[in-house]
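Geometric and topological summary
Residues per chain are reported as follows:
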Amino acid sequence: MPRRLLTLFGPCLFALTGKASAVPTAPESPSPPGSTPAEASAPAYGSAPAGDPAPANAVPPAEAQVLEVKGRRPEPGPRGRGAQTVSRTEFEERQARSVPEALRAVPGVAIQQTSHGQASPYVRGLTGQRTVLQFDGFRLNHALFRQGPNQYLFTVDPATVERARVVRGSASVLLGSEAIGGAILLSPREPRLESGSDGLGFHPRLELRHATQDRERGGRAEFDVQFGPDTAVLAGLGARTLDLLEAGGPIEGPRGTEPQSPCFEVDGRTLCVDREGVPPPEAGPRRLQHGTGFDELTADARLVHALGGGDRLTAAAYVYRQYDAPRTDLCPPPEATAEECMQYDEQFRTHVYGKGQLSPGLDGLQKLTVGLGFQRYHEKRRLERPLSYTTLIGRDDVDMLEGYLQAETATLTLGTAALRLRTDYGASATREAITSRAWTIFTSSTTGASTVFPQDRGVYLDESGFFQAGVYAQPSLTLYERVTLRGGARVGFARAEAPAEAESASAAVDQSWTMAVFNGGAEWRIFRTLTLLGAVEQGVRPPNLDDLTARQATGRGYQLENPALAPERALTVETGLRFERSRGLIEAWAFRTTIDGAMERRRATCPPGNFECGANRAPLQLVNTDGTAVVEGLEGLIQGRLPHGFAFGAGITYTRGESDNPMRGLADQVADRKRVPLSRIAPLNGNVDVSWHGPRDGLYVGATWWWAALQDELSYGDTIDARIPRGGTPGFDRFDVRAGLRIPDRFALSLVFENATDAAYRVHGSSINGPGRGLVVNVEFMR
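Residues numbered from 1 in each chain as written. Predicted model: local features only at pLDDT ≥ 70, side-chain atom pairs only at ≥ 80, totals over all residues. Heavy atoms only, no water.

**Topic: the overall build of the protein**
- Along its length, the protein carries eight helices and 39 strands.
- Counting the 783 residues in the protein, one finds 60% classified as buried.
- The long-range share in the protein, meaning contacts at least 24 apart out of those at least 6 apart in sequence, stands at 70%.
- Element-wise, carbon and sulfur atoms account for 60% of the exposed surface of the protein, whose accessible area totals about 29600 Å². (Helix = DSSP H or I, 4+ residues; strand = E, 2+ residues; numbered from the N terminus. Buried < 20%, exposed > 50% of the residue type's maximum accessible area, 1.4 Å probe, protein only. Contact = heavy atoms within 4.5 Å. Areas by Shrake-Rupley, 256 points an atom, 1.4 Å probe, with all protein chains shown as cover.)

So, in structure tokens, the structure goes:
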């Protein structure tokens, strides 16, 4: 543990100074690009509808208790789109294990878990490289994001997030490349600046947490300190340990077979199904999932200095350290014995940045936000093969420098007050440097001595680099307070570089792309309570270094590089109808996203001498498909508040996707269909929630029903995926009950009784089954 504490706190050094101000108010954040005053008060998912005053028995939000806030803080990201926000209250009441898990109630979102310590959100059927992740305006996406699910959103500590906004559909004009399926925009918790405080204010907080299904033991200590009227710091330290995750049991597909992942622990033995999905005879009850559990340390510090008039300077550091996290679908790999296991010994993220929010007050520069940050991603993997006395070690590091600028003009009145024009514009750039190494360790069966042999290359080509930059502008025109029109454009540039490696026959990469995307949208407030929305937006994604250079084992087979890939280009067309009254909200959306040149996997041939590829179930390579991939669907949301503190909500999502068959024409395949389903598209699914919040003592209770239908529309990759049962992933029903008590600035207790019926279930494409029946307890002490 001392070594881990040193690695945790080593990078956490930063400082920032600025001009003092006598105004201790919280800032007015710049309006999001393209927003209107009506949009700035759009409701959060699961919250009361906009414009409805809080009932007398509601618990005030934390910022209302301690801050002077000039209006509601606008949400980040594009406006007039299908989007919902998960509030801090929902994070606390639902007690999600991670940030991705906290998003599962949002329509259009499905959370896939490759392991207990990894989770990836699918937004409108797309994930990984096709969705943008941001924290406080900075991108979490980097050049090694995989084609499918990845673990990187899991590296954000939920305790540091104030709210999470999910934007569905292409958003590349404002958010840059990769925003094809959508974006997840995280806003951090801020230190509090109390009005009229001239001295030192100190507010400590201690949080303790336990969950029964994985014996989670963890907690967080933090302090919120105010220095005078205009400077404050919020800092915290967290840790948790999780053991094997207990499920409701194994699942069976429609053909009566089980997926090969995970294996189960029974009486000290590891039991795995065979390649046909048949469990061992007399396996008995199977609940503890092999290849789960991990340790975690987090630290963060955020310093804010108010300049007056809503302006502020911010310096922040966020450190995440995860240890000993097995990758469940490779623990063991489908082709291996139960003794083999691939785990992440170290999964680290360090993020340090500075940010300024200013109000120059000029016609062409009314508000300005600038940020400069550095991130380091570090990953160390270990694949143990005890029967052959061999250990494979891999280490990858990404150093990313990023800067961005967001600005908006003053609102210009055209002719009469009935026409108002405003323009949002900005620029961003990232530069990434890659280090990738690999070693093989042979251990003598007689002497126990170990010999280390460096491999010719790592998963990626060492000393690779990736650069991208872009500029954008988006004007919005409001007519007679009833119609808002938007249109915008971004011009971007990306370049990928990687050296050749002769011993492994790896080709050099030196590709660059110039890309332009456009969008347009409209809002028509038909009546005071009814709004019709529509948008057309292009998206683009250049191939990254994972596409161009990676050689790695995946759940489907062994991925080989393709240095000749071209960018994907997408077009999203969507329309929505929003009915909103003082105590209720109904939204319905229909969308269609087309992707030209979609990168999909097809069968390939292993390079000579690559024994790891040869031992795998299927060598695969990404290719640009010839036709157009299509993702389309429907999303619905309803929320309402009833008298006496009762509330209800429900969401539903239907998504389907298809593309040209990348396997067509190969002699060893029976796949003769021209069009095939896209991989890991979630089935029809939804949720229903009811809750009651008592008087101001903060008492609440609630219950949620989560459900999903059978998914049997499978791509070729899905049919050979060890995580998906033959014939598809079965549907499920899960019921959660929650209750809690919150006394502001004193005490909070949150209880969640998960999976009350102990159902055995799995989110489509995941490597693990969901938690079985169990209790999550979280206690907070604060002052």
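**Some words on the sheet that holds strand β4 (residues 131-135)**
- The mixed open sheet is built from five strands, whose spatial order is β1-β6-β7-β4-β5. Only two strands of the sheet have a single partner each, and these edge strands are β1 (83-86) and β5 (138-139).
- Pairing between β4 and strand β7 (residues 182-188): five bridges, direction parallel. Looking at the pairing, V132 lines up with A183 of β7. (Pairing = 2+ DSSP bridges.)

**Overview of the pairing of strand β37 (residues 732-743)**
- Bridge count between strand β36 (residues 700-708) and β37: nine bridges; the pairing is antiparallel. Following the sheet pairing, T704 is matched in β37 by D736.
- When β37 meets strand β38 (residues 747-754), the two strands line up antiparallel, connected through seven bridges. Bridging across to β38, L741 finds its partner in L749.
- Where β37 folds back onto β38 in an antiparallel hairpin, the turn is made up of three residues, including D745, whose phi is positive at roughly 60°.

**Observations regarding the nonpolar core**
- Ranked by size, the top nonpolar core spans 58 residues in total, and within it L103, F135, L153, V156, I184 and L186 carry the most contacts.
- With residues near it in sequence (within four places) discarded, L153 still touches V99, P100, L103, P121, L133, L140, I184 and L186. (Core = buried A, V, L, I, M, F, W, Y, C linked by side-chain atoms within 4.5 Å.)

**Digging into the pattern of salt bridges**
- Summed over the entire model, instances satisfying the criterion amount to 69 salt bridges.
- The closest approach of N and O atoms between E190 and R312, which form a salt bridge, is 3.1 Å. Taken together, the residues span a long stretch of sequence, with E190 in the loop between β7 and β8 (200-211) and R312 in strand β15 (residues 311-326) at a distance of 122 residues.
- As a salt-bridge pair, R486 and E523 come within 2.7 Å of each other at their nearest N and O atoms. Of the two residues, R486 is situated in strand β23 (residues 483-498) and E523 in strand β24 (residues 509-527); the sequence distance between them amounts to 37 residues. (Salt bridge = Lys/Arg side-chain N within 4 Å of Asp/Glu carboxyl O.)

**A short note on the state of the cysteines**
- This structure, assessed with the given rule, holds two disulfides.
- With its sulfur 2.0 Å from that of its partner, C263 forms a disulfide with C272. Because the torsion about its S-S bond is 110°, the bridge between C263 and C272 counts as right-handed.
- Shown here is the disulfide that connects C331 with C341, its sulfur atoms set 2.0 Å apart. Note on the C331 and C341 pair: the S-S dihedral is about -100°, so by sign convention the disulfide is left-handed. Note that C331 is positioned in the loop between β15 and β16 (341-358) and C341 in strand β16, a separation of ten residues in sequence. Just as C331 is buried, C341 falls in that class too. (Disulfide = S-S within 2.5 Å.)

**A few points about the sheet that holds strand β12 (residues 269-271)**
- Taken together, the three strands give an open sheet; going across it, the order is β12-β11-β13, and neighbouring strands pair in antiparallel fashion. Two strands bound the open sheet, and with one partner strand each, they are β12 and β13 (288-289).
- Bridge analysis of strand β11 (residues 264-266) against β13 gives two bridges, and the strand direction is antiparallel. Looking at β13, one finds that F264 is bridged to Q289.

**Comments concerning the environment of G633**
- You can see G633 is positioned in strand β32 (residues 628-641).
- Between the C-alpha atom of G633 and that of W589, which follows or precedes it by 44 residues, the distance is 8.4 Å.
- Other than its neighbours up to four places away in sequence, G633 contacts W589, A590, F591, Y654 and T655.

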